[in-house]
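# Overview (structure and organization)
Okay, here's what each chain looks like letter by letter:
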Amino acid sequence: GVLGRGSVQEEIMFCLYPEMIISRLFSSHLNDNECYIIKGAERYSQHSGYADTFRWSSDFIDTTPLDSEGRRCNTTIAMDALAFNYTGNQYSKKATLRELNKCYCAFVNLHRNEEKHIATGNWGCGVFNGDPELK
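Overview of the structure.

The rules behind each value
- Residues numbered from 1 in each chain as written.
- Predicted model: local features only at pLDDT ≥ 70, side-chain atom pairs only at ≥ 80, totals over all residues.
- Heavy atoms only, no water.
- Helix = DSSP H or I, 4+ residues; strand = E, 2+ residues; numbered from the N terminus.
- Buried < 20%, exposed > 50% of the residue type's maximum accessible area, 1.4 Å probe, protein only.
- Salt bridge = Lys/Arg side-chain N within 4 Å of Asp/Glu carboxyl O.
- Contact = heavy atoms within 4.5 Å.
- Disulfide = S-S within 2.5 Å.

### Description of unusual backbone geometry
A positive phi angle, near 55 degrees, is found at A51, a position not held by glycine. Mapped onto the elements of the fold, A51 is located in the loop between β2 (45-48) and β3 (55-59). Positive phi is not limited to glycine here, since N129 has a value of about 65 degrees. On the secondary structure map, N129 appears in the segment after α3 (93-107). According to the relative accessible area criterion, N129 is partly exposed, its value standing at 31%.

Structure (C-alpha cells):
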C-alpha cells in the first residue's frame, strides 16, 4: 500500500492527494459488503512514470471547484479486491459473487453525484493475481 512499498495506481493517487493518506487511520478491514468514500481531497503534486519509474515532477495547483462545505468537488471510492494464490480459483461462484457485490457496494449510489467518471484500472490484478479479462 501507499505507506509501504509500491508505486502503482493506489499509491500514486494517495501521493498526489496526500489528504487521502489520513483515511488509513479511520479505515479498518473492509467486509465483503463495504467500501469507503473519500470526498473533497485536494491534489498537490504532478508526477511522471509508473511503478519503478514513478517520480514527483512538480507542484500542482488544484482548480477543482469547491462544494458548499469548502471541499473539492471530487469523490474517491476505495474498495478492496480478493487476493488469489493462482488465477483459477477466482472463477468460482463464491469469488465472482464477492467481487460483483463489492463493485455494487462501491457504485450503487453514483447516480446521486453530478460527475459519473469511473476508473478502476486493473482492480485486483497485479500482486493480487486477478485476471484483467474477468475484472
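After presenting the structure, the write-up continues.
### Here's the deal with the pattern of salt bridges
In this structure the tally under the stated criterion is eight salt bridges. E69 is the salt-bridge partner of R71, the closest N and O atoms lying 3.8 Å from each other. Overall, R71 belongs to the partly exposed group, its relative accessible area being 27%. Here E69 falls in the exposed class, since its relative accessible area comes to 60%. Between D80 and R98 there is a salt bridge; the shortest N-O distance is 3.1 Å. In this pair, D80 is assigned in the loop between β4 (75-78) and α3 and R98 in helix α3, connecting sequence segments 18 residues apart. Several salt bridges converge on common partners, so that one network encompasses D32, D80, R98, E99, K102 and K135.

### Here we look at the side chain of D131
With respect to the helices, strands and loops of the structure, D131 is situated in the segment after α3. In contact with D131, not counting residues within four places along its chain, are Q90, Y91 and C125.

### Notes on the state of the cysteines
Enumeration over the complete set of coordinates arrives at zero disulfides. Summary of cysteine pairing: C35 is not part of a disulfide, and the nearest cysteine sulfur, belonging to C105, is at 6.2 Å. Judged by its relative accessible area of 23%, C105 falls in the partly exposed class.

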